[in-house]
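# Summary of structural features
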Amino acid sequence: MSGGGHSDVKNAIWMRALLMAGIILGLGIASFVGLGVVVAGMKETTWDEEAEHYHDAEKDWEDAVALGTITSDNESAELYIAKEAAHHHEIEAHLSYLTYRVAGLTLLFVSITFTAFLAISGVLNSAQPDEEHHDDHHGHEEHHGSASPIVFAFGCMLFLIGFPDFADGLHSLMLGSGSGAISDISVGMIGLTIITIGIANWWREDLPFKGYGEQIATSDPFNGQHIRKAGIWVFLMSEVMVFATFFSSYLRMRTEWCTKWAFDEGTCREIRNDQGVIQVFDTHIAHPDYALTASDYLRPGGAVGTGDFWTLLPGAVNTFALIISSYTIVLALKIAKSHDYKVPSGFMGKIMPDKKSAIRNYLIVTLALGTMFIVLKLVEWSHLIAEGFTVASQEGSIFYVATGAHGVHVFAGLLIMLYMIFKADTVEWDEDNAQGIEYFGLYWHFVDLAWVVIFPAFYLY
Amino acid sequence: MGEHKLIMGKDIYFWNFIILMFFTLFEVGAVFFEEYPGTDIRVSMYVVWGILIVVGIIKGFGIGAFFMHLWDDPKIYLRVALFPTLFVLLMLWGIGLSNPEGVNGLPGWCTPDWGEQYATER
């Protein structure tokens, strides 16, 4: 393999990976301390106060009911209204706390993962003496193949085998609850370690690649095409089938659920009971089999009644973020393939004075948007879980599995993006090796495309 | 590559991006309105579904054709991209058949003609 052991990337460059890792970890810790500790701490204090107010208001109401001053079903009584208002404020304070706490924790987790990938790659590769490196990447007889994806796939397999226990163990460690133990995360961690090694080696192999030795297919149906490009397209189509599985499961169940939306359309107002008598229901809530979907919590007019502009906002912002990130990676590719980079005028010219910085900065923007997607996604999940929409129900299960699988794809894309930025900052992308950005871009656009289907189906419908 | 085709001085990627942003805004906006603006007529489930599907197709086309270069690339990639469509159509047919509504709620042309009865009720 040309990429394999013939790296011409010097140790000094790999040490730069350690420097980048340190910066990212520093930013992650600062974000965690700022958002997850300081701001979340203030929000937690507010939450405690609101909880106390609610407790007092509830006690006042209960005392009044016990004394017979008001009846328990009198929803216009002043004490009842005060109790409900206090409850509403308590929920709002709880969700506000969760927003900052989860955002801080997510940024810390993401930065630790980014740091681990950069640091491990840097240490593994700079540990080799420079004299072992050969500058023979111009050898056209060499091809740019790699066995690292096999190592990576094996790690993925182990991680997925250990995932149920991993999730339990992590849940226990993070929240101090549940029945999981630290040993539960062992198989998952071994898988993650192998994944990391596979990716680190893959980085080392691909980093010096300057576009020479791209393998060309010599037979139909891809005759004359780059094998890597054909491979990524076939891979993407297998991904289509994975998401089609989630989507078909959801549609199959959704068409049978008696949601508020279906009820309003009159599709499930009547059911036949065990005695064969047809019962007609006036309200959705009275229906014995009524179902609450994620969109019932998130969109205005949803069955739960909590949905408004702000609950739908994270999903909507994420949709725009993915589309913008698709555009920024296209811009990075366009500049990489251009022969004459024209420095833009004004502010853009200052942050992108040359081709190298333009490509790197567009990729950094893509990384930032993807990271924001993950943060907003987890904040939204935490709100839904706090409101009772958990994985324990059919509706929750398919929502978390489908959007979670998509989130994992985004996160995997971010790790690849990190490598793309590192290469942009060191070896550099140009018209000869820009296909690396193009092939990764295809994956990133696919992730965007999957969200185009998931967002309306799970958030708006 | 689409950067060579300029429309009003901007390449096709820029216009594709603008169109995607506009339709996303339209998609999200459609869900915020429970009634047609300026009237008290309720927006039905089927209208919202229609909007979501049409916008999804337009956005999918924009991303696939221009951002993923299927418009300009050799047609073998388009054929590869369309290959799973066959399975997705089969999946949709399967959803219809396996749904309780499949027996008596779907039009006859998409069912195996079960005579509007479950086998156990005949």
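Refer to the structure presented above.
Note on numbering: residues in each chain are counted from 1, in written sequence order. Chain A is the first chain written and ligand 1 is the first ligand written, with later ones labelled in order. Two thresholds apply to this predicted model, a pLDDT of at least 70 for residue-level local features and 80 or more for giving and counting side-chain atom pairs, whereas whole-chain, interface and lining totals are computed over all residues. Derived side-chain values reflect all non-hydrogen atoms in the structure, with water molecules and hydrogen atoms excluded from consideration.

### Describing the side chain of K423(A)
Helix and strand labels come from DSSP, where a helix needs a run of H or I of at least four residues and a strand needs a run of E of at least two; each type is numbered from the N terminus. Structurally, K423(A) can be placed in helix α13 (residues 394-425). By definition, residues are in contact when any of their heavy atoms lie within 4.5 Å. Dropping the residues within four chain positions of it, K423(A) is found in contact with D206(A), L207(A), F209(A), E428(A), W429(A) and N433(A).

### Here we look at the side chain of D296(A)
Residues and elements named next belong to chain A. Along the chain, the position of D296 falls in helix α9 (residues 294-298). Here the term buried applies to any residue with accessible area under 20% of the maximum for its type, exposed to any over 50%, and partly exposed to those in between, with areas from a 1.4 Å probe on protein chains only. In this tally, Lys and Arg are treated as positive and Asp and Glu as negative; His is ignored, and so are the chain termini. Each reported salt bridge corresponds to a side-chain nitrogen of Lys or Arg within 4 Å of a carboxyl oxygen of Asp or Glu. No salt bridge is formed by the buried D296; its nearest oppositely charged neighbour, R299, is found at 4.0 Å. Setting aside anything within four residues of it in sequence, one finds D296 in contact with K260, A291, G302, A303, V304 and G305.

### Here's the deal with a nonpolar patch on the surface
Residue and element names in this part refer to chain A. Taken together, the side chains of I29, V33, V37, V38 and M42 make up a nonpolar region of the molecular surface, amounting to roughly 410 Å² of accessible area. Positionally, V38 belongs in helix α2 (residues 11-67). Using a relative accessible area of 46% as the deciding quantity, one classes V38 as partly exposed. Note on patches: the residues involved have over 30% relative accessible area and no salt bridge, like charges join within 9 Å, and the nonpolar side chains Val, Leu, Ile, Met, Phe, Trp and Tyr join within 5 Å. Per-residue and other accessible areas were derived by the Shrake-Rupley procedure at a 1.4 Å probe size, with only the shown protein chains allowed to occlude residues.

### Thoughts on the packing of aromatic side chains
In summary, the pairing rule links any two rings of Phe, Tyr or Trp, Trp by its six-membered ring, whose centres are within 6.5 Å, and it sorts them by plane angle into stacked for under 30 degrees, edge-to-face for over 60 and tilted for everything else. In this structure the tally under the stated criterion is 37 aromatic pairs over all chains. Ring geometry for W203(A) and Y419(A): centres 5.3 Å apart, planes at 40 degrees, overall tilted. Here W203(A) is found in helix α6 (residues 186-206), whereas its partner Y419(A) is found in helix α13, with 216 residues between them in sequence. Across this residue pair, the class does not change: W203(A) and Y419(A) are buried. Here the aromatic cluster, defined as three or more aromatic residues joined through ring pairs, consists of Y250(A), W257(A), Y297(A), F373(A), W381(A), F389(A), F399(A), Y400(A), W451(A), F455(A), F458(A) and Y459(A). The criterion is that NZ of a Lys, or CZ of an Arg, lies within 6 Å of the ring centre and within 35 degrees of the ring normal, and then a charge sits over that ring. Above the plane of the ring of W429(A) lies K423(A), whose end atom (NZ or CZ) is 4.7 Å from the centre. Sitting over the face of the ring of F14(B), K10(B) holds its NZ or CZ atom 5.1 Å from the ring centroid.

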